[in-house]
Amino acid sequence: MGTAVSVTPSARSRTPAGDPRIAPRVPAQFPAGWRLPAGERATFAKNAMAVSNSPLASEAATDILKRGGNAVDAAVALGFALAVTWPEAGNIGGGGYMVITLADGRTAAMDYREIAPLAATRDMYLDADGKLTDKSIVGHLASGVPGAVAGMARALERYGTMTLSDVMQPAIRLAREGFVVDSGLASSIRGTDRVPQFEGARVFFPNGQPLPAGARLVQPELARTLQAIADQGPAGFYRGWVADSLVAEMQRGGGIITTQDLAQYSPRERRPIRSTYRGFTLLAMPPSSSGGVTMTESLNILETWPSLGAHGSTQWYHAVASAYQRAFIDRNSKLGDPEFVPVPMDQLTSKAYARSLRATINDARATPTRDVDATMQALPREPMNTTHYSVVDQFGNAVATTTTLNGSWGSGVWVRGAGFFLNNEMDDFAAQPGMPNMFGLVQGEQNAIQPGKRMLSAMSPTIVLDSSQQVLLVAGAAGGPTIITGTSQVILNVLDHRMNLADAMRAPRLHHQALPDSLTIEIGGVAPAVQDSLRAMGWSLRPVRSLVNVNAIMRVKGGWEGVPEPRRSGGAVGH
Ligand code: GLY
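What counts, and at which threshold
Residues numbered from 1 in each chain as written. Predicted model: local features only at pLDDT ≥ 70, side-chain atom pairs only at ≥ 80, totals over all residues. Heavy atoms only, no water. Helix = DSSP H or I, 4+ residues; strand = E, 2+ residues; numbered from the N terminus. Rg over C-alpha atoms; globule rule 2.2 N^0.38 Å. Contact = heavy atoms within 4.5 Å. Areas by Shrake-Rupley, 256 points an atom, 1.4 Å probe, with all protein chains shown as cover. Lys, Arg positive; Asp, Glu negative; His and termini not counted. Charge placed at Lys NZ, Arg CZ, Asp CG, Glu CD. Pairing = 2+ DSSP bridges. Buried < 20%, exposed > 50% of the residue type's maximum accessible area, 1.4 Å probe, protein only. Near = heavy atom within 4 Å. Polar contact = N/O pair within 3.5 Å; in protein donor to acceptor, adjacent residues only side chain to side chain. Nonpolar A, V, L, I, M, F, W, Y, C, P; charged D, E, K, R; others polar. Axes fitted to C-alpha atoms, helices over the stretch in contact; angles between N-to-C directions. Parallel < 35°, antiparallel > 145°, perpendicular 65-115°, else oblique. Left-handed = near helix turned anticlockwise from the far one by under 90°. Salt bridge = Lys/Arg side-chain N within 4 Å of Asp/Glu carboxyl O. pLDDT = per-residue confidence, 0-100.

**As for the overall build of the protein chain**
Okay, so step 1: Along its length, the protein chain carries 18 helices and 22 strands.
Okay, so step 2: Taken against the 2.2 N^0.38 rule, which gives 25 Å for 575 residues, the C-alpha radius of gyration of the protein chain at 22 Å falls within 12% of a compact globule.
Okay, so step 3: Counting only C-alpha atoms, the protein chain reaches 65 × 60 × 45 Å along its principal axes.
Okay, so step 4: Considering only contacts within the protein chain whose residues lie at least 6 apart along the sequence, 75% involve residues at least 24 apart.
Okay, so step 5: As presented, the protein chain carries roughly 19,000 Å² of accessible surface, and 51% of it is formed by carbon and sulfur atoms.
Okay, so step 6: Measuring between centres, the 52 positive side-chain charges of the protein chain sit 5 Å from its 48 negative side-chain charges.

Structure (structure tokens):
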């Protein structure tokens, strides 16, 4: 059987056609001059598909699928492979979330978010004058206790069919034998000023120079760590020499993760949020991620309009941005780790509550965030990273996984002798409630630091089911808070505007997170007349080159289409 492979930006294959359960697709129209024109094709595969930011990692997943593995086996293989081939965000030193739906009707939401170390304190990132430092972002103190290895192993044990050792073979091989650095990875290495400050510089900046595209990247220390995990399971990471190396690294740089922190880490299996949007069902990630709640709340508000208007119209931007603005006000003040703080899930995800929020939206005017919730303030901050992958198999199972070190290359700290980067996820807490974090998110006491607590995330791995409860779409994204808005817009583009997946991914995007009180748009993506109308309505527009990094799969007649993010690099590989 052949393999369908596509690597952005040159994705090519066949056009979707009409499955009786899939409404016919409508060609999209984007503003003149938009840099990602409509009409490109997705990668098609008949049986199974994996899409991620790394073609090699997607291939690793497809190898497992071809060997008869299910989507969970393949997703775990992909996750470990990403730790080798996309180390800016793929990881074993971070954490993530996995939403699963199985053909037998079971669904699951695996939470393997990092947790605050036992020695963490509420004000650990404030200096003597009470000012926020950058220690939650760079260096040893920035890391939460990693969850990725425990979470992926648990998902495999509960829902996979193969052994950890089997699914880790592609990752071990890639680390041990090496691979050729592609332009996507080379540009990411070139772009980091964090890695050169720490021990990983030896591997990624040999002789002080960033590894260029075409160089071979061999990671023997990482291969040894992965082999220990393959041989011993999570104990190979959380106990023994790998754990000792991590703790020694902490001690060298003033970090606080201990052997006790590592030994105690445990993932949580939760029930996915099951919501609906215009007759479709969404399976989304519950807290400790804010992704599912915020997306559900936004879509519930949007569903109160019979139609949102044409994609890219003033009416569409106004409605979508107003919905996000309100959902983010709730996100930033009411969500946190449900094991530590009460979370009003029923209220936030209810259609009645969405109707009451709809009543606060003036169809002719933007509402300043301070008028919706007068207590918040914020500043814009720098961009960030995470990575999402989507997998479907030939049996009707699907997996959406988002994983992260938080910022690109995490804290920059690389564990000597064990060969992996550590996260800077502590910055996802409200390190100083009421002050913005690196995403400009202004969050409250619900998300203050407490030992053992999971920091609130925006990761939104999501599976959309059609009216017959078959998998229609698997999606998720990287990009801090823009994960929520970007993922939900791909869903809206498919469900509301009936775009095919390639167009849905290429469509211009918007973002609003309540504070900063600005409507972020993509340069060239909004018609000048629409920009004028939005400004006249009171929106403060903030143009950026690019928003969000989504990787998605959609069911089409006779198979699946996969599209990696056209704004970044990636690969869709199927068979
Ligand atoms: N670290 C980004 C997020 O979890 O939202």
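**A short note on the sheet that holds strand β17 (residues 519-522)**
As a general point, the strands of a sheet are linked pairwise by backbone hydrogen bonds and lie either parallel or antiparallel.
Okay, so step 1: Sheet architecture is open: three strands sit in the order β16-β17-β18, paired in mixed fashion. Both edges of this open sheet fall to β16 (510-511) and β18 (541-544), since each of them pairs with a single strand only.

**Concerning the pairing of strand β21 (residues 559-563)**
Two faces make up the sheet, and in a regular strand the side chains alternate between them.
Okay, so step 1: β21 sits mainly inside the fold: five of its five residues count as buried.
Okay, so step 2: Relative to β21, strand β20 (residues 552-556) runs antiparallel, the two being bridged by five bridges. Its bridge partner being in β21, Ala-552 is matched across the sheet by Val-563.
Okay, so step 3: With antiparallel pairing between neighbouring strands as the criterion, β20 and β21 make up a hairpin whose turn holds two residues, including Gly-558 at a positive phi of roughly 80°.

**Details of the site of the ligand**
Okay, so step 1: In the neighbourhood of the ligand, the contacting residues comprise Arg-113, Thr-404, Asn-406, Glu-425, Asp-428, Phe-439, Ser-457, Ala-458 and Met-459.
Okay, so step 2: Within the side chain of Arg-113, a nitrogen or oxygen atom sits 3.1 Å from an oxygen atom of the ligand.
Okay, so step 3: One of the side-chain N or O atoms of Glu-425 is found 2.8 Å from a nitrogen atom in the ligand.
Okay, so step 4: Protein chains shield 99% of the accessible area of the ligand, which is 200 Å² for the free molecule.
Okay, so step 5: Counted by class, the shell around the ligand contains three nonpolar, three polar and three charged residues.

**Focus: the packing of helix α2 (residues 71-85) against helix α3 (residues 148-159)**
Okay, so step 1: Orientation of α2 relative to α3, taken along the N-to-C sense of each, is 160°, at an axis distance of 9 Å. As the angle between them shows, α2 and α3 are arranged roughly antiparallel. The two elements α2 and α3 meet at a crossing, and its hand is left-handed. Touching Val-72, Asp-73, Val-76, Gly-79 and Phe-80 of α2 are Val-149, Met-152, Ala-155, Leu-156 and Tyr-159, all from α3.

**Some thoughts on the pattern of salt bridges**
Okay, so step 1: Applying the stated criterion across every chain yields a total of 25 salt bridges.
Okay, so step 2: Linking Glu-88 and Arg-568 is a salt bridge whose minimum nitrogen-to-oxygen distance equals 3.3 Å. Residue Glu-88 is located in the loop between α2 and β4 (95-101), and its partner Arg-568 is located in the loop between β21 and β22 (571-574); the two are separated by 480 residues in the primary sequence.
Okay, so step 3: A salt bridge links Glu-425 to Arg-113, with the nearest nitrogen and oxygen atoms 3.2 Å apart. Remark: Arg-113 occurs in the loop between β5 (107-112) and α3 and Glu-425 occurs in the loop between β12 (398-404) and β13 (462-465); sequence separation between them is 312 residues. A single burial state applies to Glu-425 and to Arg-113, both of which are buried.
Okay, so step 4: Look at the salt bridges and you will find they share partners, linking Glu-199, Arg-202, Glu-221, Glu-249, Arg-252 and Arg-416 into a network.

**Examining the environment of Leu-534**
Okay, so step 1: With respect to the helices and strands, the residue Leu-534 is situated in helix α18 (residues 528-536).
Okay, so step 2: Here Leu-534 falls in the buried class, since its relative accessible area comes to 0%.
Okay, so step 3: The sequence separation of Leu-534 and His-318 amounts to 216 residues, and the corresponding C-alpha distance is 7.3 Å.
Okay, so step 4: Excluding its chain neighbours within four sequence positions, the residues that come into contact with Leu-534 are Thr-314, Tyr-317, His-318, Leu-519, Trp-539 and Leu-541.

**Observations concerning the confidence of the model for the protein chain**
Okay, so step 1: Put simply, the protein chain has an average pLDDT of 93, and 94% of its residues get 70 or more.
Okay, so step 2: Here residues 8-18 scores under 50 on pLDDT; set against residues more than four positions off or in separate chains, the count is 31 contacts.
Okay, so step 3: Here residues 374-383 scores under 50 on pLDDT; set against residues more than four positions off or in separate chains, the count is 25 contacts.

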